[in-house]
Amino acid sequence: MESAISLSSSSLLLPSPRRRLGSNSQASISLRNLRRPSLKSRSFLAPSLSRQNRPIRSQSSNHQPVDDGFVLEDVPHLTDFLPNLPSYPNPIQQSQAYAVVKQTFVSPADAVAQKVVVQADSPRGVHFRRAGPREKVYFKSEEVRACIVTCGGLCPGINTVIREIVCGLNYMYGVEDILGIEGGYRGFYSKNTLKLNPKVVNDIHKKGGTFLRTSRGGHDTNKIVDNIQDRGINQVYIIGGDGTQKGAALIYKHVVTFAYFVKEVEKRGLQVAVAGVPKTIDNDIAVIDKSFGFDTAVEEAQRAINAAHVEVESVDNGIGIVKLMGRYSGFIASYATLASRDVDCCLIPESPFYLEGQGGLFEFIEQRLKENGHMVIVVAEGAGQEYVAQQMQAAGQKDASGNKLLLDVGLWLTQKIKDHFAKGQQMAINMKYIDPTYMIRAIPSNASDNIYCTLLAHSAVHGAMAGYSGFTVGPVNSRHAYIPISCVTETQNTVNLTDRMWARLLASTNQPSFLERNEFQDGVDLMNSNMENTSI
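Here goes a summary of the coordinates provided. (Residues numbered from 1 in each chain as written. Predicted model: local features only at pLDDT ≥ 70, side-chain atom pairs only at ≥ 80, totals over all residues. Heavy atoms only, no water.)

**Some words on the packing of helix H8 (residues 331-340) against helix H15 (residues 500-509)**
At a minimum axis separation of 10 Å, H8 and H15 run at an interaxial angle of 45 degrees. With respect to H15, the element H8 is oriented oblique. For the pair H8 and H15, the crossing hand works out as left-handed. Contacts between H8 and H15 involve Ser334, Tyr335, Thr337 and Leu338 from the first element and Met501, Trp502, Arg504, Leu505, Ser508 and Thr509 from the second. Among the residues making up the contact of H8 with H15, the classes are represented as five nonpolar, four polar and one charged. (Axes fitted to C-alpha atoms, helices over the stretch in contact; angles between N-to-C directions. Helix = DSSP H or I, 4+ residues; strand = E, 2+ residues; numbered from the N terminus. Parallel < 35°, antiparallel > 145°, perpendicular 65-115°, else oblique. Left-handed = near helix turned anticlockwise from the far one by under 90°. Contact = heavy atoms within 4.5 Å. Nonpolar A, V, L, I, M, F, W, Y, C, P; charged D, E, K, R; others polar.)

**A look at the packing of aromatic side chains**
Under the definition given, this model contains seven aromatic pairs. Relative to Tyr335, the ring of Phe331 lies with its centre 6.5 Å away and its plane at 45 degrees, an arrangement referred to as tilted. Remark: Tyr335 and Phe331 occur in helix H8; sequence separation between them is four residues, near one turn of the helix. Under the relative-accessibility criterion, Phe331 is labelled buried at 8%. Ring geometry for Tyr354 versus Phe514: centroids 6.4 Å apart, planes at 75 degrees, classification edge-to-face. Taken as a pair, Tyr354 in the loop between strand S15 (345-347) and helix H9 (361-372) and Phe514 in the loop between H15 and helix H16 (517-532) lie far apart in primary sequence, 160 residues in all. A relative accessible area of 30% means that Tyr354 is categorised as partly exposed. Clustering of aromatic rings is evident, with ring pairs tying together Phe353, Tyr354, Tyr387 and Phe514. (Phe/Tyr/Trp six-rings, centres within 6.5 Å; stacked < 30°, edge-to-face > 60°. Buried < 20%, exposed > 50% of the residue type's maximum accessible area, 1.4 Å probe, protein only.)

**Re H8**
Among the ten residues that make up H8, eight are buried, leaving the element largely enclosed by the rest of the structure. What H8 keeps buried is the set Phe331, Ile332, Ala333, Ser334, Ala336, Thr337, Leu338 and Ser340.

**Brief notes about the nonpolar core**
In terms of nonpolar packing, the biggest core is built from 89 residues, with Ile148, Ile165, Tyr237 and Phe292 touching the most fellow members. Broken down by element, the residue count for this core peaks at nine residues, all from helix H2 (residues 158-173). Residues Ile321, Leu369, Ile377 and Phe514 belong to the second largest nonpolar core, which totals 25 residues. (Core = buried A, V, L, I, M, F, W, Y, C linked by side-chain atoms within 4.5 Å.)

**Focus on the environment of Gln385**
Tracing the backbone shows Gln385 in helix H10 (residues 385-392). Linking Gln385 and Pro352, residues 33 residues apart in sequence, is a C-alpha distance of 10.0 Å. Ignoring any residue separated from it by four or fewer positions in sequence, one finds Gln385 in contact with Leu406, Leu407 and Val409.

**Points about the sheet that holds strand S14 (residues 318-324)**
Strands pair in a sheet through their backbones, by hydrogen bonds, and they do so in one of two ways: parallel or antiparallel. Ordered in space as S15-S16-S14-S17, the four strands form an open sheet in which the pairing is parallel. Looking at strand neighbours, the two that pair on one side only are S15 and strand S17 (430-434), the edges of this open sheet. Going across the sheet, the axis of each strand differs from the next one's by a mean of 15 degrees, ignoring polarity. Pairing between S14 and strand S16 (residues 374-380): seven bridges, direction parallel. Bridged to Ile319 within S16 is Met375. Strand contacts of helix H7 (residues 294-313): S14, S16 and S17, with the helix running at about 150 degrees to S16, the strand carrying the most contacts. (Pairing = 2+ DSSP bridges.)

This is the structure:
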């Protein structure tokens, strides 16, 4: 029988710690021996912390700690640097909507496992705090001044998240002072703000894009934190990708640094909860099951693939190329290919390919045209960039967010195929190239993503009101959790070429792997090495 999970008051919880709990030696780490980034010691902190922020521990039936490999990746809490911060009863228990809920509040002992497929003798592994409303909150509703900012590229569902944060704060917690920061991070110090309420955001979920407008870059931590203080903002909701989440971490870190080293808690009274909602259409954010807007993107990509298939099926030797999003991760291309069944070949950044020679793409195209008379190729925008860069002699330029500017692999591949079949008049072909990337980014979210965005927004609101900060929200094995921002920014989520999902795709398209078995692992290792060294 699985040992019970309960709280212990014997050890303190640090912001973003990774704790292996169970054995006496590990569970009773002294305060002086604990470490956190940028802090030499926490021995000057008061030992009294909220029970909402104490570590989760495994205990056996006789209440003795068990070394079962339970690890909690925890998130910071305002009481880490404001130990005397008062708490209040959660007003949500007075909500008419929650009156029918059998268990209104999430237990502080609840944790979400990162891995659910385990073996009998394996350790329990990494866990995260479960998201949801807590019995106690650390903000009075009438004293909350919240702000929402959107950063980075567009994605279906952004407006739904904005709407549900506003409505969640107002309907569930009675918060009325909510600001919208216009134009991304720069908006904190260079743009006006919008006053938000449920009426203002009522219909924005029906539109694509972002109601607050967005931008890349512009993260000046000092200016942002100064602006947060000047405006009296105490809750910050940041919607963006991994680059934006890193910015959220810097904001939180800056607040904490003031509190610890400059004693800005007393001087400025900084009580700011920073919550991140991960956004990327590419689905490349680590830890969480998927990013919002991804389902909508895959669904909309079907329209482009279907159009390409209709075009090439209507002519002799038709070749259709559809370029989809996927800078470093080929999830949209892969899932759209699996869902379509009309795709003959899928090219993604994670999987190397080559054009010439035996087993190359040209040979496969010729074979498929002889068999079917037409074919459809789906290519992610980040696929084959090394080949394009070599032949175009392009420099590695970057945008304002630090993303490498990609060359158009779709146009490059289209021209390469044309040139190949033009040699020696081998075969007359009809090329069709479709690039729906910006069309897909700009549409409203579908029903599935709308529901998902609501859960993300409400989880963020519950977490901020409960005093958690420096966290991002998302589903881990279908259970929403509070995740340290560092966990989603350290690595990227990429398609695993040794996983069964990629095998299913290869079986569906019957395309070659473009590598021999003895070359495959070398190619995968090289790809992983390149991914680890990429700056985003």
